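Geometric and topological summary
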2 protein chains.
Amino acid sequence: MFLKSPPDPIQTVAREFETIVGKDGVIRRKDELLTYECDGITGYRQRPALVVLPRTTEQIAAIVKICHEKEIPWVARGAGTGLSGGALPLENGVLIVTARMNRILSIDLDNQRVVVQPGVINNWVTQAVSGAGFYYAPDPSSQIICSIGGNVAENSGGVHCLKYGVTSNHVLGLKIVIPDGSILDTGGFVPETPGYDLTGVFVGSEGTLGIATEITLRILKTPESICVLLADFTSVEAAGQTVADIIKSGIIPAGMEIMDNLSINSVEDVVATGCYPRDAEAVLLVELDGLAVEVAANKHRVGEICRQNGARNITAANDAETRLKLWKGRKAAFAAAGKMSRNYFVQDGVIPRSQLAPVLQEINALGEKYGYKIANVFHAGDGNLHPLILYDNKVKGAWEEVEELGGEILKVCVRVGGSLSGEHGIGVDKSCYMPAMFNEIDLETMGYVRDCFNPKGLANPGKLFPTPRTCGEAANAKQQEFNGVDLF
Amino acid sequence: MFLKSPPDPIQTVAREFETIVGKDGVIRRKDELLTYECDGITGYRQRPALVVLPRTTEQIAAIVKICHEKEIPWVARGAGTGLSGGALPLENGVLIVTARMNRILSIDLDNQRVVVQPGVINNWVTQAVSGAGFYYAPDPSSQIICSIGGNVAENSGGVHCLKYGVTSNHVLGLKIVIPDGSILDTGGFVPETPGYDLTGVFVGSEGTLGIATEITLRILKTPESICVLLADFTSVEAAGQTVADIIKSGIIPAGMEIMDNLSINSVEDVVATGCYPRDAEAVLLVELDGLAVEVAANKHRVGEICRQNGARNITAANDAETRLKLWKGRKAAFAAAGKMSRNYFVQDGVIPRSQLAPVLQEINALGEKYGYKIANVFHAGDGNLHPLILYDNKVKGAWEEVEELGGEILKVCVRVGGSLSGEHGIGVDKSCYMPAMFNEIDLETMGYVRDCFNPKGLANPGKLFPTPRTCGEAANAKQQEFNGVDLF
């Protein structure tokens, strides 16, 4: 930079921001900014021009208003654990980090409501109310580090969303700073409010409509009893059919997970659970919760359905320790994939439950066609697939092939009536694929809705929706490190 | 009208519509138009200029496109059972009636999905799948006559929405004709899709964003066992506390209803159930469903909680006949109010569950202040109140007082953190009260969202949002007949 260049607008607003949040709330040093250059998907990296750490709704409103007036783009970031590059900063933009907005504002056990700031960690909500016998249901695997604000932006799921739904089912109201700096109140304390469901629009909007600064969550009563069943099968089809039959019987387990043979062997190599038979083509985990009598009855029925579908062994765990042992392999699945292969790419797609077996065959056929091994881990109850494509990024051209293969898998999901993303969001990573799922009128209407909140396009530009940039350059610029991320 | 006046645009489009839907699909005769002049809230009446009865999405798109081009306002109407005047026609507008779009398009039991046209009657969905052991959960009291399209527009509830949620929880995807005649596809076959939740925005939008022409519904497995408990109390507070304690214990009944002494006596006068003690200050109905073992266990626990709160008698019904007998009084509550008083006005508000007892006191105090008796019937589990204000419309000024009193009750609901409407919608009836619940920025943002879909304001103008017209003239023009409407 030359001495005589005009004053950098970012440096000017930095000083304005300091008057709002204090000197220690603005990060301007390049080495410190590095911390914020990516989220959980380390393939996309970009250092922001400036980071600001507000503590209140009013501070965020003041910051966003300045950005609006000076037309400076900005990105909101929670804990930075997202898996689609939704919080990827902008080179010339401000990154608004909610880490200091970490207070639980109120707890109302009678009405089962908790109001939190966006930087509150997911797991803290349950910790705050578990003594009184309550919990917060959405449980992304990153729940001990991810923030509620990020969960709201991505509409996060978890292994228990089969029975309890995703974040949108547990957010009743929001205070939102919209991109002109105004403060919007949506929803409320009661489950349904008149007018358009702006809370529903905001949840899952991936930072493109504003920043939620107060979030009213519904909490649930801790179930009296929990039981986990693990069954192994000689075919994935049989495991898939078991899932369909369990649902058809009227039982809604808290969660149902399937792992295929490659995943089974990779976790046994790494964590040696001893519970996942290496010669099984699939293991199925079923978690049941509710009243003790209900869980006991359902356990019996699920066991029967497993046997009818040819399960070889069925193990049941009622106590916490044994339950954790049965879950151990599933929880280690992604980390184990990282040990099995130099690199892996985790895809996130959704299919109708009835399509599990044929889609799995197509995924495996695609893997063979492209010459890559694919380990499969599914939230089977809700049809959310996580194929893990194993590859070596030192092999020239491998990443491009894997990305293409990942895209082909998503197209299969959409073709059978499914979705591009179950829980990781679109971000920069999948925005190119949106036209595979939505027609022009759909995307245009979503664009109009975005413009209602974000008319200047300053809030998280380039995310969620396809743009020439995200569908061209970004794909090439993308790096390929996914190892060592422990998620499921 | 003079002979030489310019051609009436409505008569011109009538001929265009006939080429689209056939001669028998357009109603132009004034006497025939009378059928459509009001919906379930007979206080508002307006004959439409023209009625059109399409059979397909394409026909609706063509009709709406013509209206868009010629700037003719239009209103969609399902079965006409709404309770807020949401389908009130316009003098100079077209009424698009979905009665002929009454086909169930597909049933997929494996994935628990049914796709219907908007004119399908709510109860038909359950009838179509009950043989296979499934049902459609949202059950407004009008379910044998109301249409799914109307349920979507109003986000209808029912006595079972405590456990199962309202319509928005059961609609997965929509095909919508938006007001420029384009066809939009929202949501999908799987529960969560990326991008903004346009399905969620549309459900409850009261006809202001377009017409849903195909609706993908989630169906549920019929519960194995159902039990109804009826308990009576010497105070409403005790009944309210029982509701709170049941929820706090972790039980989520399918429904919980409270009736106060005036309602009890009015139903015993009319239908003589013999189950509702006339000297009780409140009766509580609790419906439990699920596995037989679960229902049995919960029945025992609910009985205990009732006794701990001072219940005098507790009756349980497991078989269908006895269950109907216990429900009989509740189902007759509104009709009975019509026998007790020349006229009654039913209000629909929501409060946090914990506020039941104090709000009831306030409602009764307001009744005394204004000099009107108020019978109270609540969906107590979800805090949805239905105070029935008894009055005589032959007394000059009574209606104006009752309307004011109804508004005061709504303000109490909003003040304690509740909502203007639980299930009847805003329509023309409550649009004036929207500013009591939403601030200017909230309403402005909703207005922007409306403009995304409905930029010319042709779809259901004057509904949902406050306008000078609805808040002035309409209130005066409103008639006062609510008698004989059997709803709950």
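Read on for a plain summary of the structure. Everything numeric in this text was worked out from a predicted model, so none of it was measured. (Residues numbered from 1 in each chain as written. Chains lettered and ligands numbered in written order. Predicted model: local features only at pLDDT ≥ 70, side-chain atom pairs only at ≥ 80, totals over all residues. Heavy atoms only, no water.)

Take the overall build of chain A next. When helices and strands are counted, chain A shows 18 helices and 19 strands. Here chain A has a C-alpha radius of gyration of 23 Å; the compact-globule value for 488 residues is 23 Å, and the two agree. Considered along the principal axes of its C-alpha atoms, chain A spans approximately 75 × 60 × 40 Å. Out of the 488 residues in chain A, the part that is buried amounts to 61%. By sequence separation, contacts in chain A at least 24 residues apart represent 72% of the contacts at least 6 residues apart. Carbon and sulfur atoms provide 51% of the accessible area of chain A, an area that totals close to 17800 Å². Charged side chains in chain A number 45 positive and 57 negative. The centres of these two groups are separated by 5 Å. (Helix = DSSP H or I, 4+ residues; strand = E, 2+ residues; numbered from the N terminus. Rg over C-alpha atoms; globule rule 2.2 N^0.38 Å. Buried < 20%, exposed > 50% of the residue type's maximum accessible area, 1.4 Å probe, protein only. Contact = heavy atoms within 4.5 Å. Areas by Shrake-Rupley, 256 points an atom, 1.4 Å probe, with all protein chains shown as cover. Lys, Arg positive; Asp, Glu negative; His and termini not counted. Charge placed at Lys NZ, Arg CZ, Asp CG, Glu CD.)

All names here are of chain A. Throughout the structure, instances matching the rule amount to 38 salt bridges over all chains. Asp348 is paired through a salt bridge with Lys430; the nearest N and O atoms lie 4.0 Å apart. Of this pair, Asp348 sits in the loop between strand 16 (343-346) and strand 17 (349-350) while Lys430 is found in the loop between helix 14 (398-415) and helix 15 (434-437), placing the two residues 82 residues apart along the sequence. Accessibility assignment for this pair places Asp348 and Lys430 in one class, buried. (Salt bridge = Lys/Arg side-chain N within 4 Å of Asp/Glu carboxyl O.)

Turning our attention to the sheet that holds strand 3 (residues 74-77) of chain A. Residues and elements named next belong to chain A. A sheet is described by the order of its strands in space; here 4 strands give the open sequence 1-2-4-3, paired in mixed fashion. Each edge of the open sheet carries a strand with a single partner, namely strand 1 (26-27) and strand 3. Of the strand pairs in this sheet, strand 2 (residues 50-52) and strand 4 (residues 94-97) are connected by 3 bridges, and their pairing is parallel. For Val51, the partnering residue across the bridge sits in strand 4 and is Leu95. Along the sheet face, helix 1 (residues 9-21) touches strand 1, strand 2 and strand 4 and points at about 15 degrees away from the line of strand 2. Contacts from helix 3 (residues 57-70) reach strand 2, strand 3 and strand 4 within the one sheet, and its direction differs from that of strand 4 by about 165 degrees. (Pairing = 2+ DSSP bridges. Axes fitted to C-alpha atoms, helices over the stretch in contact; angles between N-to-C directions.)

Contacts between the two partners involve 66 residues from chain A, matched on the other side by 65 residues from chain B. In total, chain A and chain B occlude about 5200 Å² of area from one another, counting both sides; carbon and sulfur atoms represent 64% of this. Our count for the contact surface shared by chain A and chain B stands at 2 salt bridges. Salt-bridge contacts for Lys248(B) lead to Asp110(A); the nearest nitrogen and oxygen are separated by 3.1 Å. For the interface between chain A and chain B, the tally reads 12 residue pairs in polar contact (both at pLDDT 80 or more). Sorting the residues of the side of chain A that touches chain B by element identifies strand 9 (183-187), helix 7 (198-202), helix 8 (236-248), helix 10 (292-308), helix 15 and helix 16 (440-453) of chain A as the ones contributing at least two each. Ranked by the residues each element gives to the side of chain A that touches chain B, the list is headed by helix 16 of chain A, at 9 residues. (Buried area = accessible area lost by both parts, 1.4 Å probe. Polar contact = N/O pair within 3.5 Å; in protein donor to acceptor, adjacent residues only side chain to side chain.)

In total, this model carries 10 aromatic pairs over all chains according to the counting rule given. Note on Tyr135(A) and Tyr164(A): the rings are 6.2 Å apart at their centroids and 90 degrees apart in plane angle, and the pair reads as edge-to-face. With Tyr135(A) in strand 7 (residues 134-135) and Tyr164(A) in helix 6 (residues 161-164), the pair connects residues that are 29 residues apart, well separated along the chain. Given a relative accessible area of 15%, Tyr135(A) falls into the buried group. Arranged with centres 5.5 Å apart and planes meeting at 75 degrees, the rings of Phe345(B) and Trp399(B) form a pair that is edge-to-face. Note that Phe345(B) is positioned in strand 16 (residues 343-346) and Trp399(B) in helix 14 (residues 398-415), a separation of 54 residues in sequence. For the pair Phe345(B) and Trp399(B), a shared accessibility class is recorded, and that class is buried. Among the aromatic residues, ring-to-ring pairing joins Phe345(A), Tyr391(A) and Trp399(A) into one connected group. Against the face of Phe189(B) rests Arg113(B), its NZ or CZ located 5.4 Å from the ring centre. Directly above the aromatic system of Trp327(B) lies the positively charged group of Lys331(B), at a separation of 6.0 Å from the ring centroid. (Phe/Tyr/Trp six-rings, centres within 6.5 Å; stacked < 30°, edge-to-face > 60°. Lys NZ or Arg CZ within 6 Å of the ring centre and 35° of its normal.)

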